[in-house]
Amino acid sequence: MRGAMLICGTTSDAGKSVLVAGLCRFLARQGVDVVPFKAQNMSNNSFVTLDGGEIGRAQALQARAAFKEPSVRFNPVLLKPGSDRTSQVVLHGKAVGTVSAMSYRERKAELLGEVLSTLDGLRRDHEVVICEGAGSPAEINLRASDIANMGLATRANLPVLVVSDIDRGGVFAHLFGTVAVLDAADQALISGFVINKFRGDQRLLEPGLRQLRALTGRPVLGVLPWREELWLDAEDSLSYNADGVVGRPKPPKRDWLRVAVIRNPRISNATDVEALACEPGVSVRFVTEPAGLTNADLVVLPGSKSTLTDLQWLFETGLAEAVRRFEGPVLGICGGFQMLGRYIQDPDGVEWRTSGTGGLGLLDVDFTFKREKTLARPSGLAWREHVTGYEIHHGQVVRSTEQPLIGDEGAQTDRVLGTHWHGLLENDTFRRKFLRWAAERAGRDFEPEEVSFQAAREAQLDLLGDLVADHLDTKAVIDLLERGAPAGLPFVPPGAPPAAE
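Okay, so let's go over this structure. Keep in mind the model is a prediction, meaning the values are calculated, not measured.

What to know about the packing of aromatic side chains
Part 1 of the reasoning: Applying the stated criterion across every chain yields a total of six aromatic pairs.
Part 2 of the reasoning: Relative to Tyr390, the ring of Phe47 has its centre 4.9 Å away and its plane inclined at 55 degrees; by these criteria the two rings are tilted. One end of the pair, Phe47, is in strand E4 (residues 46-48); the other, Tyr390, is in the loop between strand E23 (385-388) and strand E24 (391-400), with 343 residues separating them in the sequence. Note on accessibility: Phe47 and Tyr390 belong to one class, buried.
Part 3 of the reasoning: Through successive ring pairs, a cluster of aromatic residues spans Trp383, Phe430, Phe434 and Trp437.
Part 4 of the reasoning: Seen from the ring of Phe47, Arg64 lies directly overhead, with NZ or CZ sitting 5.0 Å from the centre.
Part 5 of the reasoning: Against the face of Trp226 rests Arg199, its NZ or CZ located 3.9 Å from the ring centre.

What follows is the structure in structure tokens.
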């Protein structure tokens, strides 16, 4: 088998990432040499590859689903929003500058060549490439410069499946409308639909499925059921529960341990706290106001793409003072570590040019932002446990009187910890020691269980593979991979019709 296809979604968080992961796991279990690909990702949830490059965490997860080591080839363009108007551009794993929405449009032509050459290389080196779109292919205002959805599909001649989240409502309108606003050349590649997160009796859907096919000439190739177990490595903040709860908390042996995670506006790698949420008896909740710390036993300040801006937000909202007054244990990760310090400088204007900004002062550590970003996959000892993680940061420690946390990295006091390492809490033995430490300082009778975070992640990937095997027309999918989009798919008005001959 050799081929490639593109998975698009009617909206953000429609299910593109999980469907790509499910297809990768399904095909890999059949012995197929399959890899994921996302031409352009916009996310502050990123991961560091072994060769020191930065990619979206979703592509790292999809690589694991395919039993492959994550590679910068799987996500050649990564946009990391630093504000509502600007994003850092990461090309082939390395930051190459900052763009606005308008200036990025002008750069897309040169980036398209990079994207297509990377995809061509993957298609030569592997049997199957499962591509993931970005946002929605129906964003017709962006179509002329698109490099991730139909712009990619038409240039690489990829059959396209469109997935929609029925849990949001309006699934048939979303699917029909996505096709109907596209021009004829784009429509010719839309080969079928997938409905995601269905709850209930599928027989109730059948009249709609038949009518959608009659209206568009395209089949629904699968209806994936809702499974509440699927929540790890969320690509989009929309994936978290409306009340801010992370995961599906299981009851404790004795006391609950309540974790408040500060959800700053430019939060990055929020997935760091998901390892805590895997533990029975640990309730992890995102908070955005001081009252959210009232009943917390542990406060976590996660990473940030704009540390100085988010630090200012902490002071404006009153959260800075609330964290300072909090008497329990506190953990800062990456940007959160920097916020816990005494002073931050940015002389080169990496975020903004400033002689210095005061932090929360809970750790006697000073930081300076450097133009060169640190990207690393380190290992070391923390609390006598071997740990691994990954680093993605511009801020560097320039002065510290605190005891290090991991080797000579990070800082710790009797109740405040800080580290630049992402993924530290995924180390099971360290995480259990950390939870016991936090519970003791919070006065909680809490005992962690023998949970393997990696096993939990693998179980979710296997579940995704099972959902594809059991609920997707895999024969039709394989036909699309091998033969491409079917000829003669009907045009759906009112999109731009075929040119008159």
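We are not done yet, so read on.
Digging into the environment of Ile267
Part 1 of the reasoning: Position of Ile267 relative to the elements: it lies in strand E14 (residues 267-268).
Part 2 of the reasoning: Note on Ile267: relative accessible area 12%, which makes it buried.
Part 3 of the reasoning: In this structure the C-alpha to C-alpha distance between Ile267 and Arg415, which are 148 residues apart in sequence, comes to 23 Å.
Part 4 of the reasoning: With sequence-adjacent residues up to four places away left out, Ile267 is seen in contact with Asn44, Ile262, Phe286, Pro302, Gly303, Ser304 and Asp310.

Notes on the pattern of salt bridges
Two side chains that carry opposite charge are able to pair once their charged atoms sit near each other.
Part 1 of the reasoning: On inspection of all chains with the given rule, the structure shows 35 salt bridges.
Part 2 of the reasoning: For Arg25, the salt bridge identified is with Asp462, shortest N-O distance 2.6 Å. With Arg25 in helix H1 (residues 16-29) and Asp462 in helix H13 (residues 453-471), the pair connects residues that are 437 residues apart, well separated along the chain.
Part 3 of the reasoning: With its nearest N and O atoms 2.7 Å apart, the salt bridge here joins Arg342 to Asp366. Of this pair, Arg342 sits in the loop between helix H11 (335-340) and strand E19 (343-346) while Asp366 sits in strand E21 (residues 365-376), and the two are 24 residues apart along the sequence.
Part 4 of the reasoning: In the salt-bridge network here, residues are joined through shared partners; they are Arg25, Arg29, Glu458, Asp462 and Asp466.

Considerations on the pairing of strand E15 (residues 282-287)
Part 1 of the reasoning: When you tally the buried positions in E15, you get five out of six residues, the bulk of the element.
Part 2 of the reasoning: Sheet analysis places strand E13 (residues 257-262) next to E15, joined by six bridges and oriented parallel. By the bridge assignment for E15, Arg258 is matched with Ser283.

Quick notes on the side chain of Ser164
Part 1 of the reasoning: Within the fold, Ser164 resides in strand E10 (residues 160-165).
Part 2 of the reasoning: Judged by its relative accessible area of 0%, Ser164 falls in the buried class.
Part 3 of the reasoning: Not counting chain neighbours up to four residues away, the residues in contact with Ser164 comprise Thr10, Ala14, Val171, His174, Leu175, Val194, Ile195 and Asn196.

Points about the nonpolar core
Part 1 of the reasoning: Counting 47 residues, the largest nonpolar core has Phe37, Leu158 and Val160 as its most contacted members.
Part 2 of the reasoning: If one sorts the elements of this core by residue count, helix H3 (residues 101-125) sits on top with six residues.
Part 3 of the reasoning: Apart from residues no more than four positions distant in its own chain, Val160 is found in contact with Leu6, Cys8, Met150, Ala153, Leu189, Ile190, Ser191 and Gly192.
Part 4 of the reasoning: Listed in part, the 38 residues of the second largest apolar core include Leu232, Leu298, Leu331 and Phe453.

So, the sheet that holds strand E11 (residues 190-198)
Part 1 of the reasoning: Spatially, six strands are ordered E2-E9-E1-E10-E11-E12 in an open sheet, and the strand pairing comes out parallel. Each having just a single partner strand, strand E2 (34-37) and strand E12 (220-225) make up the two edges of the open sheet. Each strand of the sheet is rotated relative to its neighbour by a mean of 20 degrees, with strand direction disregarded.
Part 2 of the reasoning: Lying on the sheet, helix H14 (residues 474-483) is in contact with strand E1 (3-9), strand E9 (128-132), E10, E11 and E12; it crosses E1 at an angle near 120 degrees.

Some words on the sheet that holds strand E8 (residues 94-100)
Part 1 of the reasoning: Within the open sheet, the four strands sit side by side as E3-E6-E7-E8. Their pairing is mixed. Bordering the open sheet on either side are strand E3 (40-42) and E8, each of which pairs with just one other strand. Within this sheet the neighbouring strands show an average axis-to-axis angle of 25 degrees, counted without direction.
Part 2 of the reasoning: Note: E3 against strand E6 (residues 77-81), three bridges, orientation parallel. Considered in E6, the bridge of Met42 is made with Leu79.
Part 3 of the reasoning: Along the sheet, H3 makes contact with E3, E6, strand E7 (86-91) and E8, crossing E8 at roughly 140 degrees.

Some points on the packing of H1 against helix H2 (residues 57-65)
Part 1 of the reasoning: At a minimum axis separation of 8 Å, H1 and H2 run at an interaxial angle of 20 degrees. Relative to H2, the element H1 lies roughly parallel. In this structure, H1 meets H2 at a crossing whose hand is right-handed. From H1, Ser17, Val20, Ala21, Cys24, Arg25 and Ala28 reach across to H2, where they touch Ala58, Gln62, Arg64 and Ala65.
Part 2 of the reasoning: Of the residues assigned to the contact of H1 with H2, the class counts are six nonpolar, two polar and two charged.

Some details on helix H5 (residues 171-180)
Part 1 of the reasoning: Within H5, the full set of buried residues consists of Val171, Leu175, Thr178, Val179 and Ala180.
Part 2 of the reasoning: Contacts made by the buried residues of H5 are with E10, helix H6 (184-187), E11 and helix H7 (206-216).

Comments concerning the state of the cysteines
Part 1 of the reasoning: One pass over the full model with this rule turns up zero disulfides.
Part 2 of the reasoning: No disulfide involves Cys131; its sulfur sits 9.6 Å from the nearest other cysteine sulfur, which is in Cys8.

As for the environment of Glu132
Part 1 of the reasoning: With respect to the element layout, Glu132 can be found in strand E9.
Part 2 of the reasoning: Taking C-alpha positions, Glu132 is 9.1 Å from Asn41, a pair spaced 91 residues apart along the chain.
Part 3 of the reasoning: Aside from chain neighbours lying at most four places away, what touches Glu132 is Leu6, Ile7, Lys16, Ser17, Val20, Phe37, Lys38, Ala39, Gln59, Gln62 and Ala148.
Part 4 of the reasoning: Of note is the side chain of Glu132, whose polar atom sits 3.3 Å from the side chain of Gln59.

With respect to the packing of H5 against H7
Each pair of packed helices can be summarised by the angle the axes make with each other and by the distance between the axes.
Part 1 of the reasoning: Interaxial distance between H5 and H7 falls to 11 Å at its minimum, and their mutual angle equals 15 degrees. For the element pair H5 / H7, the angle class is roughly parallel. For the crossing formed where H5 meets H7, the hand is right-handed. Contact residues: H5 offers Phe172, Leu175 and Phe176, while H7 offers Gly208, Leu209, Leu212, Leu215 and Thr216.

Reading the values: rules and limits
- Residues numbered from 1 in each chain as written.
- Predicted model: local features only at pLDDT ≥ 70, side-chain atom pairs only at ≥ 80, totals over all residues.
- Heavy atoms only, no water.
- Phe/Tyr/Trp six-rings, centres within 6.5 Å; stacked < 30°, edge-to-face > 60°.
- Helix = DSSP H or I, 4+ residues; strand = E, 2+ residues; numbered from the N terminus.
- Buried < 20%, exposed > 50% of the residue type's maximum accessible area, 1.4 Å probe, protein only.
- Lys NZ or Arg CZ within 6 Å of the ring centre and 35° of its normal.
- Contact = heavy atoms within 4.5 Å.
- Salt bridge = Lys/Arg side-chain N within 4 Å of Asp/Glu carboxyl O.
- Pairing = 2+ DSSP bridges.
- Core = buried A, V, L, I, M, F, W, Y, C linked by side-chain atoms within 4.5 Å.
- Axes fitted to C-alpha atoms, helices over the stretch in contact; angles between N-to-C directions.
- Parallel < 35°, antiparallel > 145°, perpendicular 65-115°, else oblique.
- Left-handed = near helix turned anticlockwise from the far one by under 90°.
- Nonpolar A, V, L, I, M, F, W, Y, C, P; charged D, E, K, R; others polar.
- Disulfide = S-S within 2.5 Å.
- Polar contact = N/O pair within 3.5 Å; in protein donor to acceptor, adjacent residues only side chain to side chain.

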